Amino acid sequence: MYACPSCGGGLRFDIPSQKLKCDHCETLTDPYSLEERKDAGMDNTFGVTVFTCPQCGGEVMTTDESITGFCMFCGASTVLDARMENHKRPQKIITFKKTKEDCKNIYRRLVGGAIFAPKELKDPDYLEKFRGIYIPYWMYTITYDGPYSISGTTTEASVGYINTNHYKIHCDMDVEYTGISYDASASFDDHVSEAISPFMSAHAQDFTPPMLSGFYADTADVDSSVYREDALKAAQNNLIAGIRSNNTLNKYTMTDLDSSFNSMGKVECENAEAGLGLFPVWFLTYRSSKNRVAYAVVNAESGEISADLPVSIPKYIISSMAVAAAIFALLFFLFTPTPGIALFAAAAFAVISLIVYGAEIHAIKRRHGKYDDKGFYAKYGALENQDDIRRYCTASGAVGSILAIIAAIAIAIWQPVDDWIYYAGAIGAIIGVCITMSAIIRRVNILNTRPLPEFHFRKGGDDSAKDL
Ligand SMILES: [Zn+2]
Ligand SMILES: [Zn+2]
């Protein structure tokens, strides 16, 4: 905790003024003026308190010694273990621009429209738990420098012939991309960081430790090499698009543009410390009675939000039954379907539900197996054997719809004379579809929440980012 120069009270970063404000006398202090006294001569590290959750092993750091007694990763109310450490200094920081009040309003707008969400998600006491946390990002600088040649052609069509001219185009490139960034924390889901992107890294300021006062920061534990290729690709795509639309060059057809770039480009992030930045988010954790967690994350610069919205199953069943009853009544009132059409429609529903079920299972496998989370995957590998995948990614939920399709096919081949057999088949098939639908809803909920995190296996990490 930094002390107020006027009265000695505790200083906290104040979002509206972008300065440090004294808890006691409200004096505003420039964060850079403090650092010069405090950290003179210590360029590469800064002292932080690291808090570890005894239940899940999740870690946050802060320059405050005080912390409220719950864990943002698993939502447990518990006393966190604290230890002092020296961490490598980030170079850049984007400070909080959205206040907690702004953030709550953004969240309320989103959840207000989610009619199936459990009512606890709208509880004001729960919203108080939004916590300001800085997420570490690797910021890559990519330069293209020097002479470069491209092959280009132009064609002119005239009566009877086509004239093709070949050119060798020589350019001198001097392009620099700065701040292409990817989150450097394995515990921060890449899905979330993508959903709340972008941060305007051009607005990043030089980091100084007092700016952390009143906030937390996640630790950087993904190696900077993990996203290097992605950063290079992003810069390259942008540059190629720029060349294609360039006013001088856009009259040529350039066929070898993509391939020739693969051998170019230089990522200026040889040592990872060159590019660590802290970006601000508001973070909220919901722990359900079934011991699953849901996160709401707000980009504290732009206000972009990403939230896991679990579905309250009783709420969902009541409203969907009401809707289904209304649709059926309307259908039968307007058209009286022939027996064959009724059966065919039921079978079609069964096929659709099977496709949806398959898509849900696939999504759970990818999401909960962490295949798409590059940072996590690089560090820990896929979580193929996870409970969620074993339990929910099975064919059992599809049985209702499969039986419905088999019954419909059997009746279609049999072609009985009695109409009632078709209707009975159709009703039976719809019941089968309903069984599969309920399995689908359970899986939607699995997808919209997360298992309790487990970071105890978290070790090692990026040596360049860890303490010295
Ligand atoms: Zn003061
Ligand atoms: Zn925890």
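Residues numbered from 1 in each chain as written. Chains lettered and ligands numbered in written order. Predicted model: local features only at pLDDT ≥ 70, side-chain atom pairs only at ≥ 80, totals over all residues.

Novice: Explain the domain arrangement of the chain to me, and be specific about the residues and the numbers.
Specialist: You can read the domains of the chain as domain 1 (65-75 + 88-309) and domain 2 (313-450). Summarising the inter-unit geometry, the C-alpha centres of domain 1 and domain 2 are found 36 Å apart. Facing the 17 residues of domain 1 at the interface are 13 residues of domain 2. Only α4 (190-195) and β14 (292-299) provide two or more residues apiece to the side of domain 1 that touches domain 2. The element contributing the most residues to the side of domain 1 that touches domain 2 is β14, with three residues. In terms of residue class, the side of domain 1 that touches domain 2 is made up of eight nonpolar, three polar and six charged. (Domains from an automatic or database assignment. Contact = placed C-beta atoms within 7 Å. Helix = DSSP H or I, 4+ residues; strand = E, 2+ residues; numbered from the N terminus. Nonpolar A, V, L, I, M, F, W, Y, C, P; charged D, E, K, R; others polar.)

Novice: Before we move on, could you go through the sheet that holds strand β2 (residues 19-22) and cite the residues and values that matter?
Specialist: With antiparallel pairing, three strands are arranged side by side in an open sheet as β1-β2-β3. The open sheet is flanked by β1 (11-14) and β3 (28-29), the only strands paired with a single partner. Examined bridge by bridge, β2 and β3 share two bridges and lie antiparallel to one another. When the bridges of β3 are listed, L20 appears paired with T29. (Pairing = 2+ DSSP bridges.)

Novice: Could you give an account of the environment of V48, naming the residues involved and the relevant values?
Specialist: Tracing the backbone through its elements, the reader meets V48 in strand β4 (residues 45-52). Not counting chain neighbours up to four residues away, the residues in contact with V48 comprise M61, T62, T63, E85 and H87.

Novice: Explain the packing of helix α11 (residues 399-414) against helix α12 (residues 419-448) to me, and be specific about the residues and the numbers.
Specialist: It is at 7 Å that the axes of α11 and α12 come closest, and there the two elements cross at 165 degrees. Regarding the angle of α11 to α12, the classification is roughly antiparallel. Considering the relative orientation of α11 and α12, their crossing is left-handed. Listed contacts from α12 to G400, S401, L403, A404, A407, A408 and I411 of α11 are I421, Y422, G425, G428, A429, G432, V433, I435 and T436. For the contact of α11 with α12, the class distribution of residues is ten nonpolar, six polar and no charged. (Axes fitted to C-alpha atoms, helices over the stretch in contact; angles between N-to-C directions. Parallel < 35°, antiparallel > 145°, perpendicular 65-115°, else oblique. Left-handed = near helix turned anticlockwise from the far one by under 90°.)

Novice: Give me unusual backbone geometry: which residues, what numbers.
Specialist: Geometrically, the link from S197 to P198 is a cis peptide bond, its omega value of 0 degrees lying close to zero. Here P198 is to be found in the loop between α4 and β10 (205-206). In the Ramachandran plot, N291 falls in the positive-phi region, its phi being about 60 degrees despite a non-glycine side chain. Relative to the elements of secondary structure, N291 occurs in the loop between β13 (276-287) and β14. Overall, the presence of 11 C-beta atoms within 10 Å leaves N291 in the exposed class. For Q415, which is not glycine, the phi torsion reads 50 degrees and is therefore positive. Along the polypeptide, Q415 turns up in the loop between α11 and α12. (Buried ≥ 20, exposed ≤ 12 C-beta atoms within 10 Å, placed from the backbone.)

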